[in-house]
Amino acid sequence: MTISIRSVEKQFGRYPALNKVDLEIADGELLALLGPSGSGKTTLLRTIAGLEFPDAGQVLFDGQDVTHASAAARRVGFVFQQYALFKHMTVAKNIAFGLDVRKGKDKPSKAEIARRVDELLKLVELEGLGGRYPSQLSGGQRQRVALSRALAVQPSVLLLDEPFGALDATVRKSLRRELRRVHDATGVTTIFVTHDQEEALELADRVAILNQGRIEQIGTPDQVHDAPETAFVCGFVGEANRLEGQVTGGRFSAGALSLPASGVRDGAAIAYVRPHDFALDETGFEVKIERAHVQGALTAVTALTSDGRRLEISASRADAERFTGAVQIAARKAHVYAA
């Protein structure tokens, strides 16, 4: 299923939730909608699902206009953050619900439903738990049941709204891998909303970055992290040191720091330098090390420039002892934007 979002607008009162959003989603793609709270990502997901209808623009599934079609007509599967499982039903009954409620010739036989439930329990690695109730499962297991229920009806599109938000960090990481495995096994076009950039960058084929109802950038995880098109994307995706300064003649200056800034007009500017893009360099500028501590294979360093700017630096564990007192560093790479 391909999905086309064309100039979609949605407003709640005076608040523009979506502002002329254009987006093309390929068949079988796993796309993340990433952005801060209030950026419009959940509204966009609900508009694709048919749970909200746009004030203007179009939503197309495989080239067919479904802008005002119901969620049922669109055959979408939806997974919510809070599971939304039926407490009085067993795991198997929860998974089978969407098939059980079908009418007439659209309803599969009991044997077919049982076979589908068994397939899905195996797919999400919950074999043997079909007879349990949601209260007898862990949070991660319940979310797997919710995913299975959404897949049971063989949806044209799978939509997930902050699916791992209610889980602890360890379970989240495990389920991220599970979702990617299930997606690859089923090939269903999948869109998920998250405010967790690590989640989006690890899971998705492409990431759409939303801000104030607009898509700031869409690209592969590497593209949005390594080649951010706007200052917002650079500051939001990944860690970065934000430095205010000036561009003059193709160079950015902020105190003792000087960086190339080709293509940026002269005047006030903002530079972003990733912590791992700072390195010890005798030809660089001097900083005073405030703190250096080992974090696994890396050393996290906090340094102060001569004019009081605080920099976060990431170095190898082997270099930990070199970050003491006053040292000289240089930026190997930076992203500079006009202010």
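The name given to the chain in an unreviewed UniProt entry is Sulfate ABC transporter ATP-binding protein, with Caulobacter vibrioides as the source organism.

**Q** Kindly report on the sheet that holds strand β2 (residues 15–25), identifying the contributing residues and their values.
**A** Taken in spatial order, the 4 strands line up as β2-β1-β4-β5 in an open sheet, and their pairing is antiparallel. Whereas interior strands pair on both sides, the edge strands pair on one side only; in this sheet they are β2 and β5 (64–65). Strand direction decides the pairing type here: strand β1 (residues 3–12) and β2, joined by 7 bridges, are antiparallel. Bridged to Phe 12 within β2 is Tyr 15. Its contacts with the sheet put helix α1 (residues 41–49) on β1, β2 and β4 (56–61), and the angle it makes with β2 is roughly 60 degrees.

**Q** I'd love a proper account of the domain arrangement of the chain, names of residues and values included.
**A** Looking at the chain, the domain boundaries give domain 1 (3–231) and domain 2 (240–338). Domain 1 puts 6 residues into the contact, and the matching count from domain 2 is 6 residues. Counting each side, the surface lost to burial between domain 1 and domain 2 is near 490 Å², with a carbon and sulfur contribution of 51%. When residues of domain 1 are sorted by the area they lose upon contact with domain 2, His 225, Pro 228 and Ala 231 head the list and together hold 74% of the total. Remark: the boundary between domain 1 and domain 2 carries 0 salt bridges. Linking domain 1 with domain 2 are 3 residue pairs in polar contact (both at pLDDT 80 or more), by the criterion used here. The residue makeup of the side of domain 1 that touches domain 2, split by class, is 2 nonpolar, 2 polar and 2 charged.

**Q** Any chance you could break down the side chain of Asn 241 for me, citing the residues and the numbers?
**A** In this fold, Asn 241 is placed in strand β11 (residues 241–248). On the basis of relative accessibility, which here comes to 6%, the residue Asn 241 falls in the buried class. A polar contact of 2.7 Å, which involves the side chain of Asn 241, links it to the backbone nitrogen of Glu 312. Excluding anything up to four places from it in sequence, Asn 241 contacts Ala 271, Tyr 272, Val 273, Arg 274, Pro 275, Phe 278, Arg 310, Leu 311 and Glu 312.

**Q** Pulling in residues and values, what's your account of the sheet that holds strand β15 (residues 278–295)?
**A** Here 4 strands make up an open sheet; going across it, the order is β17-β16-β15-β18 and the pairing antiparallel. Both edges of this open sheet fall to β17 (310–316) and β18 (326–331), since each of them pairs with a single strand only. Going across the sheet, the axis of each strand differs from the next one's by a mean of 55 degrees, ignoring polarity. Here strand β16 (residues 298–305) pairs with β17 via 7 bridges, running antiparallel. Along β17, the bridge assignment pairs Val 301 with Ile 313.

The rules behind the values
Residues numbered from 1 in each chain as written. Predicted model: local features only at pLDDT ≥ 70, side-chain atom pairs only at ≥ 80, totals over all residues. Heavy atoms only, no water. Pairing = 2+ DSSP bridges. Helix = DSSP H or I, 4+ residues; strand = E, 2+ residues; numbered from the N terminus. Contact = heavy atoms within 4.5 Å. Axes fitted to C-alpha atoms, helices over the stretch in contact; angles between N-to-C directions. Domains from an automatic or database assignment. Buried area = accessible area lost by both parts, 1.4 Å probe. Salt bridge = Lys/Arg side-chain N within 4 Å of Asp/Glu carboxyl O. Polar contact = N/O pair within 3.5 Å; in protein donor to acceptor, adjacent residues only side chain to side chain. Nonpolar A, V, L, I, M, F, W, Y, C, P; charged D, E, K, R; others polar. Buried < 20%, exposed > 50% of the residue type's maximum accessible area, 1.4 Å probe, protein only.

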